[in-house]
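Notes for the structure review
For reference, the chains in residue letters:
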Number of protein chains: 2
Amino acid sequence: MTSQHSNAAQREQLAILTTFRRVPPLAVGHVRELRVRWALEEAGRPYQVRLIGSEDQQSPAYRQLQPFGQIPVYEENGLTLFESGAILLQIAERSTALMPTDEAGRASTKAWMFAALNTIEPHVLNLDDLDFFSAGEEWAAQRRPALEARVSKRLAELDNWLKDREYLAGQFTAADILMTTVLRALQHTDLVAQHPALHAYHRRCSARPAFAKALADHMALYDPSGQ
Amino acid sequence: MTSQHSNAAQREQLAILTTFRRVPPLAVGHVRELRVRWALEEAGRPYQVRLIGSEDQQSPAYRQLQPFGQIPVYEENGLTLFESGAILLQIAERSTALMPTDEAGRASTKAWMFAALNTIEPHVLNLDDLDFFSAGEEWAAQRRPALEARVSKRLAELDNWLKDREYLAGQFTAADILMTTVLRALQHTDLVAQHPALHAYHRRCSARPAFAKALADHMALYDPSGQ
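Presented here is an overview of the structure given in this document. Here the structure is a predicted model, which means the values were calculated and not measured.

Each value, and the rule that gives it
- Residues numbered from 1 in each chain as written.
- Chains lettered and ligands numbered in written order.
- Predicted model: local features only at pLDDT ≥ 70, side-chain atom pairs only at ≥ 80, totals over all residues.
- Heavy atoms only, no water.
- Core = buried A, V, L, I, M, F, W, Y, C linked by side-chain atoms within 4.5 Å.
- Buried < 20%, exposed > 50% of the residue type's maximum accessible area, 1.4 Å probe, protein only.
- Contact = heavy atoms within 4.5 Å.
- Helix = DSSP H or I, 4+ residues; strand = E, 2+ residues; numbered from the N terminus.
- Expected span 1.5 Å × (residues − 1).
- Bend = angle between axes of the 7 residues up to and from the residue.
- Phe/Tyr/Trp six-rings, centres within 6.5 Å; stacked < 30°, edge-to-face > 60°.
- Lys NZ or Arg CZ within 6 Å of the ring centre and 35° of its normal.

On to the nonpolar core, then. Judged by nonpolar contacts, the single largest core of 133 residues is most densely connected at Trp112 of chain A together with Trp112 of chain B. Those residues within four positions of tryptophan 112 of chain A in sequence are excluded, and the remaining contacts are Leu158, Trp161, Leu168, Ala169, Ala175 and Met179 of chain A together with Pro67, Phe68 and Phe82 of chain B. Among the nonpolar cores identified, the runner-up in size contains 9 residues, and Phe20, Val23, Val31 and Val73 of chain B belong to it.

Next comes the structure, spelled out in structure tokens:
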């Protein structure tokens, strides 16, 4: 095998992250591709980025990869996945940096991955949705207290869990990546800061060099002027 | 080892599903423990049920098993898991009845498990929440069209995916259990019936004997009078 062939083979093994070429200003810093970048940085896994536009998003070919036209899509070694949770699971199952090796630790990591996406994120996104897209509407003023109360209840429960733990599943895992990026969507509120253990946890996760690198790459794509 | 010991060892290996002793009438037929029962029936895995009350739900000991005080909790071979998605993943990873053996099929199953819980369920539950708990409120009339439109958009995309497929990931998997139980929460509407492929899919999954058995056991617990 010539070195050219070997390079080509190596290039084929590179993971590919598909994401949007452009996103609305409000979404910058919050697009779900950020989670995947962070996981790949923690795992020390190089990757390339494939950019799509809205015309690709609607195409039947893209819908075969991502039935809802969303991003990210992730490809490695001939496997294609959608859903950021499934992508992080795929990466984490192959990296001790993102999932412990013992069965109990792996089970706990998976439970917390689903908890971040199914028990916490829906409430967070409902509040975000109201604050960013419906703040001026009549119904929003009536509805907001109930939506905020639901978020606060979950955050208090999370805070309680984190009182004597550094990370959700003991050591740092893919679940912390999901939870941290979910909590980032509350940056326009002081809800996280109201809970000392949760607040410290959020800062601890956000201070990781792999997150800084992922966020810088994310911002370089979507907001080059803000660098 | 005597046969008595052997029976005891066997009993210790039985999976344990923890669920509520009682639930509100509106929740009967929809509690997330139903998903776990269905998965265990498909996998041919016997289990025992442990019932808890609201006093257990608040206890620090239960919060160590389930940080949000929810059900189901699942135990097998010394492992304890919460989050219905993580529990189904745990069961499915050990049963070819719930997950294919090839890597691509396994990746697709996991992607669709997360899609059911993170892309479809939040929108479905927002509509449910409004219809069952806030229908009389002033804001609800203003908000409902937008929430229904979000559900309809996702259902149309699902319908499109299912036009030439029997099941989400090719063969029947744990993802179909999650999706079917998510769609059940729209039973008070005709939204699923508006999409022929999705409607046929929903009926196909709901007609499985393992679902009938799981539902019967669920109903026997929560609504013995309705049997």
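Take helix α7 (residues 138-162) of chain A next. Given 3.6 residues to a turn, an α-helix orients residues that are three or four positions apart in the same direction. With 25 residues, α7 of chain A ought to run about 36 Å at 1.5 Å a step, and its terminal C-alpha atoms sit 37 Å apart, in line with that. The largest bend along α7 of chain A reaches roughly 40° and is located at arginine 144 of chain A, with the proline proline 145 of chain A sitting one to four residues downstream. Within the span of α7 of chain A, buried status applies to Trp139, Ala140, Arg143, Leu147, Val151, Arg154, Leu155, Glu157, Leu158, Asp159, Trp161 and Leu162 of chain A. Lining the buried residues of α7 of chain A we find α6 (103-133), α8 (174-184) and α9 (196-206) of chain A together with α4 (60-65), α6 (103-133) and α7 (138-162) of chain B.

The next point concerns the packing of aromatic side chains. A full pass over the atoms with the stated rule returns 13 aromatic pairs over all chains. Pairing tyrosine 167 of chain A with phenylalanine 172 of chain A gives two aromatic rings, centres 5.5 Å apart and planes at 85°, and the pair type is edge-to-face. Both residues of the pair, tyrosine 167 of chain A and phenylalanine 172 of chain A, count as buried. Note on tryptophan 38 of chain B and phenylalanine 211 of chain B: the rings are 4.5 Å apart at their centroids and 50° apart in plane angle, and the pair reads as tilted. You can see tryptophan 38 of chain B sitting in helix α2 (residues 33-42) and its partner phenylalanine 211 of chain B sitting in helix α10 (residues 209-222), a full 173 residues away along the chain. For the pair formed by tryptophan 38 of chain B and phenylalanine 211 of chain B, the shared burial category is buried. Taken together, the ring pairs in this structure connect Trp38, Tyr167, Phe172 and Phe211 of chain A into an aromatic cluster. Stacked on the ring of phenylalanine 172 of chain A, the Lys or Arg arginine 208 of chain A has its end atom at 3.5 Å from the ring centre.

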